[in-house]
Amino acid sequence: MNPGMPQVSVITVQPERAPIVSELPGRVDAVRDAQIRSRVTGIVQKITFEQGGDVKENQLLFKIDPAPYKAAYDQATAQLKQAQANLFSAKLLADRYAPLVKANAVSKQEYDNAVASFRQADAAVAAAKATQDNAAINLGYTDVTSPITGRIGKPLVTEGALVESTSATQMATVQQLDPVYVDFTQSTAELATLRRAFASGQLQQVGKDTARATVVLEDGTEYSHPGKLLFTGITVDPSTGQVNLRAEVPNPDGILLPGMYVRVRLEQGVNDKALVVPQQALQRTADGSQSLMLVKDNKIEQLPVTTGGAIKNSWLITSGLKAGDVVVVEGFQKIRPGAPVQVSQWSKNGAPAPGGQPAAQPGAKPAAPAESPKPAEPAQQDKAAGQKS
């Protein structure tokens with residue numbers, strides 16, 4: 001070993017199986033969003049829920065003054081009893097006339113009138129019963145309950161406020177937050193590129209039921225509960241050139257809230273011959289170009305490359321790199337193209353990387369450099385490269 005010769009740590013790149021992941025912007029939406037509105041007119045007497053708390057289906061939320069509706073119900077009940085009494089009397093008369101008309105003791109006209117009165121009384125009972133049912137429904141509407149199980153916000157009315165059925169006064173909102181939907185979009189250009197790769201056999205497509213969606217929060221942390229893709233839109237928004245997609249994500253801790261901005265890492269395919277390198281191996285220049293330092297015949301060679309996206313702590317290399325190339329990962333301080341070096345196998349955390357490189361992780365974030373990758377990523381890579389340099 002020549003003590004004056006620069007030392008570098010390297011990996012030998014070999015093809016491996018890696019997911020093809022698209023990182024797309026999206027927003028969280030509640031699975032069910034129920035607006036609690038008044039269905040009768042009256043004064044709010046009581047609010048029975050805790051603001052911002054969880055409520056169960058059919059739980060009482062508001063109490064509206066029931067007095068006028070109780071009176072209307074009692075009146076409808078009395079009218080029903082009166083109609084039933086009239087029906088009873090009309091039925092007795094029709095039954096009494098039935099044998100008499102056969103004996104010509106009463107005229108047929110009198111019998112027909114008795115039967116008609118009986119039928120009218122029967123219809124009056126049905127109408128009174130409907131009126132009573134309607135009164136009972138309105139009386140029930142004075143107890144405003146939650147139609148779903150979920151989390152309720154603040155009350156939009158106070159005790160003593162007048163709510164109206166004609167305008168359907170909104171009183172509160174209940175949202176189901178576990179699970180939640182995440183709605184996001186993808187450009188038609190990205191979809192076309194993927195379809196060409198699938199058609200050529202370069203990539204293998206994953207099914208809808210196995211397409212994993214990983215949420216990245218606003219602070220850059222990865223949400224711990226992966227979701228699944230529900231559907232991909234069949235039409236393109238003409239104003240944006242985007243296709244709508246929706247994922248369903250578990251939310252047992254209530255971390256994801258409706259309206260929250262997130263990014264979604266969606267696995268859309270698998271590359272069985274992917275070439276990946278550690279992120280610190282990628283070098284960037286002031287003009288934004290990217291390159292790797294290779295070792296050939298114990299000398300450094302600079303190789304321009306194109307990246308296809310990040311996979312955890314590694315970059316997917318889409319062009320410029322070949323299987324078997326020896327890539328410098330550490331020791332950039334004293335090397336330059338053409339300089340002789342001494343090499344040693346790179347290890348991560350004190351242990352050799354399997355297969356000479358870190359394994360690709362599922363749920364990774366791809367970001368093509370030409371499409372303005374996430375701002376935080378280049379800064380982290382430049383910082384890492386600067387530390388190694």
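Residues numbered from 1 in each chain as written. Predicted model: local features only at pLDDT ≥ 70, side-chain atom pairs only at ≥ 80, totals over all residues. Heavy atoms only, no water.

1. Remarks on the overall build of the protein chain
Stage number 1. Looking only at helices and strands, one finds 4 helices and 23 strands in the protein chain.
Stage number 2. Per-residue burial over the protein chain gives 39% buried out of 389 residues.
Stage number 3. Considering only residue pairs separated by 6 or more positions, the protein chain has 78% of its internal contacts joining residues 24 or more positions apart. (Helix = DSSP H or I, 4+ residues; strand = E, 2+ residues; numbered from the N terminus. Buried < 20%, exposed > 50% of the residue type's maximum accessible area, 1.4 Å probe, protein only. Contact = heavy atoms within 4.5 Å.)

2. A few points about helix H2 (residues 108-140)
Stage number 1. Over its 33 residues, H2 extends 48 Å from the first C-alpha to the last, a length consistent with the 48 Å expected when each residue adds 1.5 Å.
Stage number 2. Burial in H2 covers these residues: Ala114, Val115, Ala121, Val125, Ala128, Gln132 and Ala135.
Stage number 3. Buried residues along H2 sit in contact with helix H1 (67-102). (Expected span 1.5 Å × (residues − 1).)

3. Some thoughts on the confidence of the model for the protein chain
Stage number 1. Per-residue confidence for the protein chain gives a mean pLDDT of 80; residues scoring 70 or more make up 83%.
Stage number 2. Of the regions scoring below 50 in pLDDT, residues 350-389 engages in 89 contacts with residues more than four places distant in sequence or in other chains. (pLDDT = per-residue confidence, 0-100.)

4. Some points on the packing of H1 against H2
Stage number 1. Packing of H1 against H2 leaves a shortest axis separation of 7 Å and a crossing angle of 160°. By the angle between their axes, H1 is roughly antiparallel relative to H2. In this structure, the crossing between H1 and H2 has a hand that is left-handed.
Stage number 2. Each residue belonging to the contact of H1 with H2 can be placed in one class, and the counts come to 24 nonpolar, 8 polar and 6 charged. (Axes fitted to C-alpha atoms, helices over the stretch in contact; angles between N-to-C directions. Parallel < 35°, antiparallel > 145°, perpendicular 65-115°, else oblique. Left-handed = near helix turned anticlockwise from the far one by under 90°. Nonpolar A, V, L, I, M, F, W, Y, C, P; charged D, E, K, R; others polar.)

5. A word on the pattern of salt bridges
Side chains that carry opposite charge are capable of pairing whenever their charged atoms lie near each other.
Stage number 1. For the coordinates displayed, the defined rule picks out 13 salt bridges.
Stage number 2. Between arginine 151 and aspartate 54 there is a salt bridge, and its shortest N-O distance comes to 3.2 Å. Within this pair, whereas arginine 151 is found in strand E7 (residues 150-152), its partner aspartate 54 is found in strand E4 (residues 54-55), the two being separated by 97 residues in sequence.
Stage number 3. A salt bridge links aspartate 95 to lysine 91, with the shortest nitrogen-to-oxygen separation between them at 3.0 Å. Of the two residues, aspartate 95 and lysine 91 are both situated in helix H1; the distance of 4 residues between them amounts to about one turn of the helix. (Salt bridge = Lys/Arg side-chain N within 4 Å of Asp/Glu carboxyl O.)

6. Focus on H1
Stage number 1. Spanning 36 residues, H1 covers 54 Å between terminal C-alpha atoms, matching the ideal 52 Å at 1.5 Å per step.
Stage number 2. Turning to H1, the residues buried within the fold contact H2.
Stage number 3. Immediately downstream of H1, the backbone of asparagine 104 shows phi near 60°, a positive value.

7. Considering the nonpolar core
Stage number 1. Within the largest apolar cluster, 20 residues are counted, with the highest numbers of intra-cluster contacts made by Val28, Val182, Phe184, Val215, Val249, Leu256 and Val262.
Stage number 2. In terms of residue count, strand E9 (residues 170-187) provides more of this core than any other element does, 4 residues in total.
Stage number 3. When sequence neighbours within four positions are dropped, the list of residues in contact with leucine 256 reads Val28, Val180, Val215, Leu217, Tyr223, Val249 and Asn251.
Stage number 4. Judged by nonpolar contacts, the second largest core, of 19 residues, contains Val40, Val55, Phe62 and Val157. (Core = buried A, V, L, I, M, F, W, Y, C linked by side-chain atoms within 4.5 Å.)

8. A short note on the sheet that holds strand E5 (residues 60-64)
Whenever strands of a sheet pair, they do so through backbone hydrogen bonds, lying parallel or antiparallel.
Stage number 1. Within the open sheet, the 4 strands sit side by side as E6-E5-E3-E8. Their pairing is antiparallel. Every other strand in the sheet has two partners, leaving strand E6 (143-145) and strand E8 (162-163) as the edge strands with one partner each.
Stage number 2. Relative to E5, strand E3 (residues 42-47) is paired through 3 bridges, and the arrangement is antiparallel. Paired with lysine 46 across the strands is lysine 63, a residue of E5. (Pairing = 2+ DSSP bridges.)

9. Remarks on the packing of aromatic side chains
Stage number 1. Applying the stated criterion across every chain yields a total of 1 aromatic pair.
Stage number 2. A centroid spacing of 5.3 Å and a plane angle of 75° characterise the contact between phenylalanine 49 and phenylalanine 62, whose relative ring orientation is edge-to-face. Of this pair, phenylalanine 49 sits in the loop between E3 and E4 while phenylalanine 62 sits in strand E5; the two residues are 13 residues apart in sequence, bridging distant segments of the chain.
Stage number 3. The positively charged end of arginine 246 is found above the aromatic ring belonging to tyrosine 181, 4.1 Å away from the centroid. (Phe/Tyr/Trp six-rings, centres within 6.5 Å; stacked < 30°, edge-to-face > 60°. Lys NZ or Arg CZ within 6 Å of the ring centre and 35° of its normal.)

10. Some remarks on the side chain of threonine 77
Stage number 1. Within the secondary structure, threonine 77 is located in helix H1.
Stage number 2. When its relative accessible area of 17% is taken as the criterion, threonine 77 is described as buried.
Stage number 3. Among the polar contacts made by the side chain of threonine 77, one reaches the main-chain carbonyl oxygen of tyrosine 73 at a distance of 2.9 Å.
Stage number 4. In terms of polar contacts, threonine 77 uses its side chain to reach the side chain of glutamine 132, at 3.0 Å. (Polar contact = N/O pair within 3.5 Å; in protein donor to acceptor, adjacent residues only side chain to side chain.)

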